[in-house]
Every structure is written in C-alpha cells, then in structure tokens.
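# Observations on the model geometry
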Amino acid sequence: MKLVNIGYGNMISVDRIVTIVSADSAPIKRLIQEARENGRAVDATYGRKTRAVVIMDSGHIILSSLITDTLAARINGTGGPDEDE
C-alpha cells in the first residue's frame, strides 16, 4: 500500500484515489457540502483554505490545503513543493 502526504502529516492511500479536483467550482462546493452533511468529508486543511478535493473510491472526500498540482506530483513520485507547510 502506497501512502501520499496530503499536507501537515496527513496520509492517504494512493490505491483508493479516484480523482483530485480543484475546490473552486460550484459543483465541487456542492459535493463538499453534501459530503459534510452525510458524514463522508474528511477535512485535512487544519483551518486553511481548501484548494484540492480528493475523491476516494469509498465515496469519502478528503479536503486538502495543497494545490492539485502538488498532490499529483507527490503521487507520481516527483516530489512537489511543500506549499503551506
């Protein structure tokens, strides 16, 4: 099982990721609100602005303060800048 750091020491399993999307669009904001209401949202932002949303195969969503490019670089093993850390 490969884990990836999504910011501030929080790790998720790469094998369970469906997609990573930016948190700026209205449909994604609605998805976040619905997940919060249903108890499927995990907020890993530590109070900072949500910049990326990781959608998992279990239906859960993970909120991260890192940008999508940084998360993608970490998943692909190319590192990525340590923004907001």
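All residue numbers here refer to positions counted from 1 along the written sequence of the relevant chain. Owing to the predicted nature of the model, reporting of local features is limited to residues with pLDDT of at least 70; listing and counting of side-chain atom pairs is limited to 80 or more, with chain, interface and lining totals taken over all residues. Where side-chain values are given, they derive from all heavy atoms of the structure, hydrogens and water being excluded.

It is characteristic of soluble globular proteins that their nonpolar side chains tend to be buried jointly. Grouping buried Ala, Val, Leu, Ile, Met, Phe, Trp, Tyr and Cys residues that are joined through side-chain atoms within 4.5 Å yields what is termed a nonpolar core. For every residue, the accessible area (1.4 Å probe, protein chains only) is compared with the maximum for its type, and the residue is labelled buried under 20%, exposed over 50%, or partly exposed between those bounds. If you look at the biggest cluster of nonpolar residues, it comprises 13 residues, and the most contacted ones within it are Ile 6, Ile 12, Val 54 and Ile 62. Examining the composition of this core, we find that three residues originate from one element, strand E5 (residues 52–56), more than from any other. If near-sequence neighbours (up to four positions away) are discounted, Val 54 is found in contact with Ile 12, Ile 17, Thr 19, Ile 20, His 60, Ile 61, Ile 62 and Leu 71. Ranked by size, the runner-up nonpolar core spans eight residues in total, among them Ile 32, Ala 35, Val 53 and Leu 63. Helix and strand definitions follow DSSP, with helices as H or I runs of at least four residues and strands as E runs of at least two, each counted in order from the N terminus. Contacts are residue-level and defined by heavy atoms, with any inter-residue pair within 4.5 Å sufficient.

On to the packing of aromatic side chains. Two aromatic rings, drawn from Phe, Tyr or Trp (for Trp, its six-membered ring), form a pair once their centres lie within 6.5 Å of each other, and the interplanar angle then sorts them: stacked below 30 degrees, edge-to-face above 60, tilted otherwise. Counted according to the given criterion, the structure contains one aromatic pair. A ring pair is formed by Tyr 8 and Tyr 46, whose centres lie 5.5 Å apart and whose planes are at 45 degrees; its orientation type is tilted. With Tyr 8 in the loop between strand E1 (3–7) and strand E2 (10–13) and Tyr 46 in the loop between strand E4 (41–43) and E5, the pair connects residues that are 38 residues apart, well separated along the chain.

Each regular strand carries side chains that alternate between the two faces of the sheet. Alignment of E1 against E2, held across four bridges, turns out to be antiparallel. Bridge pairing links Leu 3 to Ser 13 in E2. Hairpin connection of E1 to E2: two residues between the antiparallel strands, including Tyr 8 at a positive phi of 60 degrees. We call two strands paired when DSSP finds no fewer than two bridges between them.

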